[in-house]
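# Understanding the architecture of this molecule
Here is how the chains run, residue by residue.
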Amino acid sequence: MSKVVERESAEALGVARSLLRRAERIVALTGAGVSAESGVPTFRGAGGLWKTYRAEDLATPEAFGRDARLVWEWYGWRRSVVLSCAPNAAHRALAGASATRPDFRVVTQNVDGLHVAASDGVGPPPLELHGSLFRIRCTGCGVGREDRSVIDATSIETLPHCKTCTALMRPDIVWFGEPLNATILGEAARLASMADVCLVVGTSAVVHPAAGLADLTRRGGGSIIEVNVASTPITDVAAASLRGPAAVIVPELLRHE
Ligand code: OAD
């Protein structure tokens, strides 16, 4: 097991920076914690969405089959929350690194679109493993499209419908029990396996397969750097674990990279 260097120890930032400086290929794997300081709720911590809501009622294909109106109402609310939020300093630092370093890619579990917003179209697009709140997909013919409209969940008829086949649209989000998009996951796994460093930011690292990506880096001979306000299953295998808010630590970490 690699030596964990915690943020509180004087070496930690230096170790992490030196790993990043030497790295040719870097993958940043992010989770809800990277958006916490933008005001987007996380899932599992204090105030997390899964403390108030039951995933089985809202984020499964069965839930949508039972009550599409309720599911859409919840996703409409989440959209409205995110639309009132802006990228923070961590999103901007990661977007800056992607735009300026040739082999720096952001892979995110987040569906809030804030990495895309921070990048402003510059650099390679972040890989969104779990989909996006602002994409919808037809339950009939499967066609997808961008959609930022206000959701009217008064009745099934007022929900978004397909412009091609008229069937009901659903959020283009990976729900519990569903597989990830194989192309996106394959590309993320390829990048993680080849990376010299996997920078893991703000994830509880309990949802697979996303959580396993950091391990691919480690098994390929690379190192893990973790940024989180708390310890996670990744902490013990990280070469450096930096404790604190992403919006403070990530810009500090990437400043001279
Ligand atoms: P979680 O809510 O499980 O974990 C958030 C992590 O962020 C925790 O480890 C917190 O300690 C940490 N954190 C909180 N505030 C932070 C801050 N300001 N700076 C740094 N870290 C902070 O969210 P995820 O790990 O992203 O799935 O959850 C994974 C998946 O589970 C999500 O993508 C979602 C959910 O069900 C889907 O939507 C498909």
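Residues numbered from 1 in each chain as written. Predicted model: local features only at pLDDT ≥ 70, side-chain atom pairs only at ≥ 80, totals over all residues. Heavy atoms only, no water.

What links the strands of a sheet is backbone hydrogen bonding, and the strands pair in either a parallel or an antiparallel sense. Judged by pairing direction, the sheet is antiparallel, and its 3 strands sit side by side in the order 5-4-6 without closing on themselves. Two strands bound the open sheet, and with one partner strand each, they are strand 5 (144–146) and strand 6 (169–173). Averaged over neighbouring strand pairs, the angle between their axes works out to 40° when direction is ignored. Taken together, the 4 bridges between strand 4 (residues 131–138) and strand 6 define a ladder with antiparallel strand orientation. The residue bridging Gly-131 from the neighbouring strand is Ile-173, located in strand 6. Contacting strand 4 and strand 6, helix 5 (residues 68–83) crosses the sheet at an angle of about 140° to strand 4. (Pairing = 2+ DSSP bridges. Helix = DSSP H or I, 4+ residues; strand = E, 2+ residues; numbered from the N terminus. Axes fitted to C-alpha atoms, helices over the stretch in contact; angles between N-to-C directions. Contact = heavy atoms within 4.5 Å.)

Next up on the list: the domain arrangement of the protein chain. The domain boundaries assigned to the protein chain delineate domain 1 (1–40 + 86–130 + 180–257) and domain 2 (41–84 + 131–173). Centre-to-centre, using C-alpha coordinates, domain 1 lies 27 Å away from domain 2. With 15 residues of domain 1 in contact, the opposing surface of domain 2 contributes 14 residues. Note on domain 1 versus domain 2: buried area summed over both sides is about 1000 Å², and carbon and sulfur give 60% of it. For the pair domain 1 and domain 2, the interface holds 0 salt bridges. Linking domain 1 with domain 2 are 2 residue pairs in polar contact (both at pLDDT 80 or more), by the criterion used here. Its residues assigned to classes, the side of domain 1 that touches domain 2 shows 8 nonpolar, 5 polar and 2 charged. (Domains from an automatic or database assignment. Buried area = accessible area lost by both parts, 1.4 Å probe. Salt bridge = Lys/Arg side-chain N within 4 Å of Asp/Glu carboxyl O. Polar contact = N/O pair within 3.5 Å; in protein donor to acceptor, adjacent residues only side chain to side chain. Nonpolar A, V, L, I, M, F, W, Y, C, P; charged D, E, K, R; others polar.)

Another point: the site of the ligand. Close contacts around the ligand come from 23 residues, with Phe-43, Arg-44, Thr-203, Ser-204 and Asn-228 the closest. In the environment of the ligand, an oxygen atom lies 2.8 Å from a nitrogen or oxygen atom belonging to the backbone of Ala-32. Trp-50 has a polar side-chain atom sitting 3.0 Å from an oxygen atom of the ligand. Considering the ligand on its own, with 800 Å² of exposed area, one finds that the protein chains cover 90% of that surface. Its residues placed into classes, the shell around the ligand shows 11 nonpolar, 10 polar and 2 charged. There are two domains that each give the shell around the ligand at least three residues, and those are domain 1 (1–40 + 86–130 + 180–257) and domain 2 (41–84 + 131–173). (Near = heavy atom within 4 Å. Areas by Shrake-Rupley, 256 points an atom, 1.4 Å probe, with all protein chains shown as cover.)

With that out of the way, let us pick up the state of the cysteines. Counted under the stated rule, the structure contains 0 disulfides. Cys-141 takes part in no disulfide bond, and the closest cysteine sulfur to it belongs to Cys-162, at a distance of 3.8 Å. (Disulfide = S-S within 2.5 Å.)

Here we take up the pairing of strand 2 (residues 104–108). Within strand 2, 5 of the 5 residues are buried, which leaves the element mostly enclosed by the surrounding structure. What you see with strand 2 is no split at all: Phe-104, Val-106 and Thr-108 on one side and Arg-105 and Val-107 on the other are buried throughout. Here strand 1 (residues 26–30) pairs with strand 2 via 5 bridges, running parallel. Of the residues in strand 2, the one forming a bridge with Ala-28 is Val-106. Alignment of strand 2 against strand 3 (residues 127–128), held across 2 bridges, turns out to be parallel. Within strand 3, the residue paired with Val-107 across the bridge is Leu-127. For the crossover from strand 2 across helix 7 (residues 114–119) to strand 3, the handedness is right-handed. (Buried < 20%, exposed > 50% of the residue type's maximum accessible area, 1.4 Å probe, protein only. Right-handed = clockwise from strand over helix to strand, strands pointing away.)

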